[in-house]
Amino acid sequence: MIGAIDRRVIYLLVLLGLSIPLLKNYSVRPAPIAAAANLYQLVEELPSANGRVALIALDYGPNLVAENGSQARVMIEHLMRRRIPVVLTALYAQAEPYLEALPQEIANRLMLEFPDQRWTYGTDWINLGYRVGGFQVLQSIAKSDNLANLLKKDARGNPLTELPIFSKVHTLKDIMLVGEFTGLVGMLDIYLQFLQTAEYRPPIVHGCTSITIPDAYIFLDSGQISGLLEGIAGAAWYSELLSKASPARAIDESRVLNTGLGVAHLVVIALMILGNLTMLWNRRRSE
Amino acid sequence: MNYRSRLLRLFTFLGGIYFFLEFVLPESFSLAWLGAPDTNITFGKFTPQISNGFITVGAMAIGLGLYNLLSIHGAKVAFRRKGWINSVALLVGLAAMMIVTSRDWAGSRQVASDTEQLVMLRNFTQAIAADEESKAPVPPVITRNAALLSALEKTVSEVRERVTSQLSTLAQDGLSPDTPQHRVLATANAELQVALTSVAQLQVALAADPASTSRHVELATALSQAAVAYRQILSTAYEQSLTKKVYNFFFIGIFSSLGTAMFSLLGFYIASAAYRAFRVRSTESALMIIAALIVMLGQIPFGMWIWEGFPELRLWILNTPSAGARRAIEIGAAVAGLVMAFRMWLSIESESFSEPKK
């Protein structure tokens, strides 16, 4: 009889598989993900400089930041590269610090890549902060005929009427894209249900965690969401497309994470095969 | 049934029916079919106010949560009950985060309020011109212009001083000229200086002709530009401040890292479980393992090294059998949810509405 592998050995194998690519900053070309490519194309075709904005909701906390954070990073970067103004918000309290840190980090990276250009708060992005009230907030946004009056101030306390980004934003119709990044159950549903009027529903795109991919595909298939980023793999493929369009772009964390995760998946696959071979071997021996 | 139960049931019923009708009815509709062609009903007219009420009630949970934490863990520490040291850690963490977050909140509000001075002056400038044009019953334009000039002088000198002090502090802190922040500051400062020079020139013109409002539009524009640049400088400087660094250390450095580490432990358990549980013992389990292998190989970069068709096959599994099965589960859950919603709406679900058990 062949005995089972000690679980500590399995943990060690996973640890090595995950950490070596991360420590070495090693990345390989990600697998092509069709949904991510479609989303990239959707953002690519958005009209810029028309005063309309993209609303990005970061509804994740520290537990989901590895996946949702990487997805949001690549998509916001793409929007900023295309000079499409980004309005960030969250219906989840723990996301609040990411709303402030993430776009700033992307802007700094872009300014290093393009030393003669600037991406600034108030013009290229704003942070509306965490909004209490869940679906009622979205319902109010959909019904409002003066969003600056409804939302009043950004997270830094500036009146929205004073920020250049909000100068042409009045109603839901001025939001040309909604990006919802979450792994929380039911969070996407409320955006789909309530962020619409009888005349207009902005295209909603979604960044989901790997565990919620099967749920997200229902909405993608039905056309209720217009684009999807699936876990780290989706973010990595989106990042690959961004790098293809901008060769000077530095490799971001999603591709390195995806490589580490890929090695860990190989470990899992090897363990599954080994487990079955052991079972078969033991069965034959006992017969 | 006592009056409280009745009241709760009544409010639950009315609330349920209101939100149901508000969702399904059009925003505005006519009552022509009832013989009142001139009557239009806007059903959701007060929804924002009602929603704000709910949000306010929801916000009270913060106070309730704080009270509960302090009373439960405070008592544990005070009476040295089992695990009291963990309660100390929790209370210290809570206090530290509250202090740091409050400081950060106050710091960013200060930036907004400092910029507000320029915005108020712009609004005042616009108001003088508008009131003069509409002949509004306000104090004479000479008096208002004099007040504007005096406020401008004070505010502009304060803005200049503040910017000089912020920039020298940042230089002392070693902000490198190669950083994006430095470039943002330099550009914003240049824009601010241009706007303030323009304001100064208009001030001189206004002092020479104190009864005129001909330059007010120009002055308001210059003040607007100065406000945008000033806000940019103060915000960028605040990002480099100690308060912001401490906040980022607490949240991103400690809280976020610990939360991520806790969640990442799942990865180790999944690998261990895959080894123990993914065994081909029946046709169904064989199907599940094959599907899992294809989905994994279609998603990871190395799957492509084995066979380029894995991503396509993965997509088919997710789009066809998986989505179909998932949809069936969702529909089942939605029907169950609807039944539950009806039970709650009619107050036959919760025991809290019932008579206390004897």
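Residues numbered from 1 in each chain as written. Chains lettered and ligands numbered in written order. Predicted model: local features only at pLDDT ≥ 70, side-chain atom pairs only at ≥ 80, totals over all residues. Heavy atoms only, no water.

Student: Looking at this structure, how should I read the overall build of chain B?
Tutor: Counting its regular elements, chain B contains 10 helices and 2 strands. Whereas a compact globule of 358 residues would reach a radius of gyration of roughly 21 Å, chain B reaches 33 Å, over 25% beyond that. Its C-alpha atoms give chain B principal-axis dimensions of about 95 × 70 × 60 Å. Of the roughly 21900 Å² of accessible surface on chain B, 68% is carried by carbon and sulfur atoms. (Helix = DSSP H or I, 4+ residues; strand = E, 2+ residues; numbered from the N terminus. Rg over C-alpha atoms; globule rule 2.2 N^0.38 Å. Areas by Shrake-Rupley, 256 points an atom, 1.4 Å probe, with all protein chains shown as cover.)

Student: Help me out: how do you make sense of the sheet that holds strand β2 (residues 86-90) of chain A in this one?
Tutor: Two orientations exist for strands paired in a sheet by backbone hydrogen bonds: parallel and antiparallel. Residues and elements named next belong to chain A. Spatial ordering of the open sheet is given by β3-β2-β1-β4-β5-β6, a layout of 6 strands whose pairing is parallel. A strand with exactly one partner marks an edge of an open sheet, and here the two such strands are β3 (125-130) and β6 (227-230). Averaged over all adjacent pairs, the angle separating strand axes in this sheet is 15°, with direction ignored. Where strand β4 (residues 175-182) and strand β5 (residues 204-208) come together, 4 bridges link them in parallel fashion. What sits directly across from V178, in β5, is I204. Strands β4, β5 and β6 of the sheet are contacted by helix α2 (residues 34-44), whose axis makes an angle of about 130° with β6. The strands touched by helix α8 (residues 213-222) are β5 and β6; relative to β6, the strand with the most contacts, the crossing angle is about 165°. (Pairing = 2+ DSSP bridges. Axes fitted to C-alpha atoms, helices over the stretch in contact; angles between N-to-C directions. Contact = heavy atoms within 4.5 Å.)

Student: Even after reading the chapter, I still don't get a nonpolar patch on the surface, so can you show me in this structure?
Tutor: Residues and elements named next belong to chain B. A surface patch of nonpolar side chains, amounting to about 1000 Å² of accessible area, comprises Y3, L7, L10, F11, F13, L14, L338, F342, L346 and I348. Of all elements in the fold, only α1 (3-24) and α10 (310-345) reach the threshold of two or more residues within the nonpolar patch. Looking at which element gives the most residues to the nonpolar patch, the answer is α1, with 6 residues. (Patch = residues over 30% accessible without salt bridge, like charges linked within 9 Å, V, L, I, M, F, W, Y side chains within 5 Å. Salt bridge = Lys/Arg side-chain N within 4 Å of Asp/Glu carboxyl O.)

Student: Quick question: what am I supposed to make of the pattern of salt bridges here?
Tutor: Opposite charge on two side chains makes pairing possible when the charged atoms of those side chains draw close. Within this structure, the stated rule accounts for 24 salt bridges over all chains. Here E239(B) ties to R156(A) by a salt bridge, and the two come within 3.8 Å at their closest N and O atoms. Residue E239(B) is located in helix α6 (residues 216-239), and its partner R156(A) is located in the loop between α6 (147-151) and β4; the two belong to separate chains. Side by side, E239(B) and R156(A) carry an identical accessibility label, which is buried. (Buried < 20%, exposed > 50% of the residue type's maximum accessible area, 1.4 Å probe, protein only.)

Student: Explanation requested: the domain arrangement of chain B in the structure shown.
Tutor: A common measure of how large an interface is: the accessible area buried when the components associate. Here chain B is partitioned into domain 1 (3-84) and domain 2 (95-240). Here the C-alpha centre of domain 2 of chain B lies 42 Å away from the C-alpha centre of domain 1 of chain B. (Domains from an automatic or database assignment.)

Student: Would you take a moment to explain helix α2 (residues 47-78) of chain B for this structure?
Tutor: The α-helix advances 3.6 residues per turn, and as a result positions three or four apart in sequence lie on the same side. Compared with an ideal rise of 1.5 Å per residue, which puts 32 residues at 46 Å, α2(B) spans 46 Å between its outermost C-alpha atoms and is within 8% of the ideal. Of the residues making up α2(B), those classed as buried are T47(B), S51(B), I55(B) and H73(B). Packing partners of the buried residues in α2(B) comprise α5 (135-143) of chain A together with α1 and α3 (84-134) of chain B. Two residues or fewer past α2(B), R80(B) is found with a positive phi of approximately 50°. (Expected span 1.5 Å × (residues − 1).)

Student: Please explain unusual backbone geometry as it appears in this structure.
Tutor: Glycine aside, the phi torsion of most residues is negative, and most peptide linkages are trans. All names here are of chain A. Despite not being glycine, K152 has its phi angle at roughly 60°, a positive value. Turning to its location among the elements, K152 is positioned in the loop between α6 and β4. Look at K152 and you get exposed, because its relative accessible area is 53%.

Student: Looking at this model, I keep getting lost on the confidence of the model for chain B. Mind explaining?
Tutor: For residues with low pLDDT, the predicted coordinates do not support detailed interpretation. Per-chain confidence: chain B averages 89 in pLDDT, with 97% of residues scoring 70 or above. For this predicted complex, the interface score ipTM comes out at 0.86, while the overall pTM is 0.88. (pLDDT = per-residue confidence, 0-100.)

Student: Is there a simple way to explain the packing of aromatic side chains in this structure?
Tutor: Aromatic ring pairs are reported here in terms of the distance separating the ring centres and the angle at which the planes meet. In total, this model carries 18 aromatic pairs over all chains according to the counting rule given. An aromatic cluster is defined as three or more aromatic residues linked by ring pairs; in this entry it consists of Y60(A), Y98(A), F251(B) and F255(B). Here the basic side chain of R80(B) rests over the ring of W84(B), its NZ or CZ set 4.5 Å away from the ring centre. It is R279(B) that lies over the ring of Y275(B); its NZ or CZ is 5.4 Å from the centre. (Phe/Tyr/Trp six-rings, centres within 6.5 Å; stacked < 30°, edge-to-face > 60°. Lys NZ or Arg CZ within 6 Å of the ring centre and 35° of its normal.)

Student: Would you take a moment to explain the environment of M176(A) for this structure?
Tutor: Residues and elements named next belong to chain A. Counting through the fold element by element, M176 comes out in strand β4. Through-space distance from the C-alpha of M176 to that of I84 is 9.9 Å; in sequence the pair is 92 residues apart. Apart from the residues lying within four places of it in its own chain, the contact partners of M176 are L46, P47, N50, R52, V53, I84, Y200 and P203.

Student: Would you explain the nonpolar core in this entry?
Tutor: Note on soluble globular proteins: their nonpolar side chains tend to be buried together. One finds L58(A), M75(A), L79(A), F166(A) and Y191(A) to be the most contacted residues of the largest nonpolar core, which totals 88 residues. Residues contacting L79(A), with those up to four places away along its chain left out, are V43(A), L46(A), A54(A), I56(A), I84(A), V86(A) and L177(A). Listed in part, the 33 residues of the second largest apolar core include L152(B), V159(B), L185(B) and A195(B). (Core = buried A, V, L, I, M, F, W, Y, C linked by side-chain atoms within 4.5 Å.)

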